[in-house]
Amino acid sequence: MKLTLVGAGPGDPDLITIKGVRALQQADVVMYDALVHPDLLNYCRPEALKVYVGKRRGAYSCMQEDINPLIVHYAQQYGHVVRLKGGDSFVFGRGFEEVEFAQQHGIDTQVIPGLSSSYAVPAAAGIPLTTRGVSESFWVVTGTTKAGQLSADLHLAAQSTATVVVLMGMHKLADIMAVFAGCGKSETPVAIIQNGTLPDQRMIVGQVHDIMDRVNKSGIDNPAIIVIGDVAGLSANKPVADLISQSQSQSNES
């Protein structure tokens, strides 16, 4: 019996690791999440059982409390279970909970890291999280804790000079921006990237004080990540971005 956690990467199916592909090819059962690209299932053997256990805000096919015993059940019944998760399983993926539960039931475990969307999505959009003279570090913070509140770490991050990447934060965007505004950062650039690394990737760029208005006008929504800091204005892929602020400044000048 074995459980292998595989990080599927940020979205683009080409961004999974070779080791992750090999695990899929050997799996007896693949339990996969909502943000996993469907093309990745083509690596599975035809006889492999494929089980969707996706969790998206407002749409849960399976609760985490159900997933853990399911892993044990499938491992005991079939042998090798691959738990395929978007991004990296150990970055807000609750992967350690699944490993710990499996080990408590005598199941061998392995973790194959994946590219986390926290850094891969900004990179695909041309945003460096660190660059000399602009940002020397970055935070990765969840938008909502288990209790449904903003993380206390967000308040600490807002006081730093670091780039701040917020995952799962779109439904709390107004509250997050209020934290940064309260730290005197109303003019700080903000980028929001939807469907990062995929063909329909979209990005809008603004500032803390006006990003909510830009989001409402653009219709951008989940799945998306939020990048806050001076680097958010440095996109090298400007054709990808909906740079509203740039177009507005040009119209004002005219």
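Residues numbered from 1 in each chain as written. Predicted model: local features only at pLDDT ≥ 70, side-chain atom pairs only at ≥ 80, totals over all residues. Heavy atoms only, no water.

**Here's the deal with the confidence of the model for the chain**
A residue-level look at the chain finds 90% of positions with pLDDT of 70 or above and a mean pLDDT of 91. Across residues 239–254, confidence stays below pLDDT 50; counting only partners more than four residues off in sequence or on other chains, it has 15 contacts. (pLDDT = per-residue confidence, 0-100. Contact = heavy atoms within 4.5 Å.)

**What to know about the nonpolar core**
Counting 22 residues, the largest nonpolar core has Met 177, Ile 192, Ile 226 and Ile 228 as the members making the most contacts within it. Counting only elements with at least two residues in this core, the list comes to α5 (152–159), β9 (163–167), α6 (173–182), β10 (189–194), α7 (211–218) and β12 (224–228). The element best represented in this core is α6, accounting for 5 residues. For Ile 226, the residues in contact, after removing those within four places along its chain, are Val 164, Val 165, Val 166, Gly 169, Met 170, Leu 173, Ile 176, Met 177, Val 190, Ala 191 and Ile 192. With 17 residues, the next largest nonpolar core counts Val 6, Val 36, Cys 44 and Val 82 among its residues. (Core = buried A, V, L, I, M, F, W, Y, C linked by side-chain atoms within 4.5 Å. Buried < 20%, exposed > 50% of the residue type's maximum accessible area, 1.4 Å probe, protein only. Helix = DSSP H or I, 4+ residues; strand = E, 2+ residues; numbered from the N terminus.)

**A closer look at the pairing of strand β8 (residues 138–142)**
Regular strands have side chains that alternate between both faces of the sheet. Two elements, β8 and β9, share 5 bridges in a ladder whose sense is parallel. Bridged to Phe 138 within β9 is Thr 163. The parallel pair β8 and β9, bridged by α5, forms a crossover whose chirality is right-handed. (Pairing = 2+ DSSP bridges. Right-handed = clockwise from strand over helix to strand, strands pointing away.)

**Details of the sheet that holds strand β3 (residues 49–52)**
Pairing is parallel in the open sheet, where 5 strands are placed in the order β3-β2-β6-β1-β7. The sheet is open, and its two borders are formed by β3 and β7 (108–112), each paired with just one other strand. Neighbour-to-neighbour, the strand axes of the sheet open up by a mean angle of 20°, direction not taken into account. For strand β2 (residues 29–32) and strand β6 (residues 80–85), the ladder comprises 4 bridges, and the chain directions are parallel. Looking across to β6, one finds that Tyr 32 is bridged to Leu 84. Strand contacts of helix α3 (residues 95–104): β1 (2–7), β6 and β7, with the helix running at about 170° to β1, the strand carrying the most contacts. (Axes fitted to C-alpha atoms, helices over the stretch in contact; angles between N-to-C directions.)

**What about helix α1 (residues 18–26)?**
Of the residues making up α1, those classed as buried are Gly 20, Val 21, Ala 23 and Leu 24. An end-on view of α1 places all buried positions within 160° of arc, on one side of the element. For α1, the exposed residues lying more than 90 degrees away from the buried face are Ile 18, Lys 19 and Gln 26. Turning to α1, the residues buried within the fold contact β1, β2, β6 and β7. (Arc of directions from axis to C-beta.)

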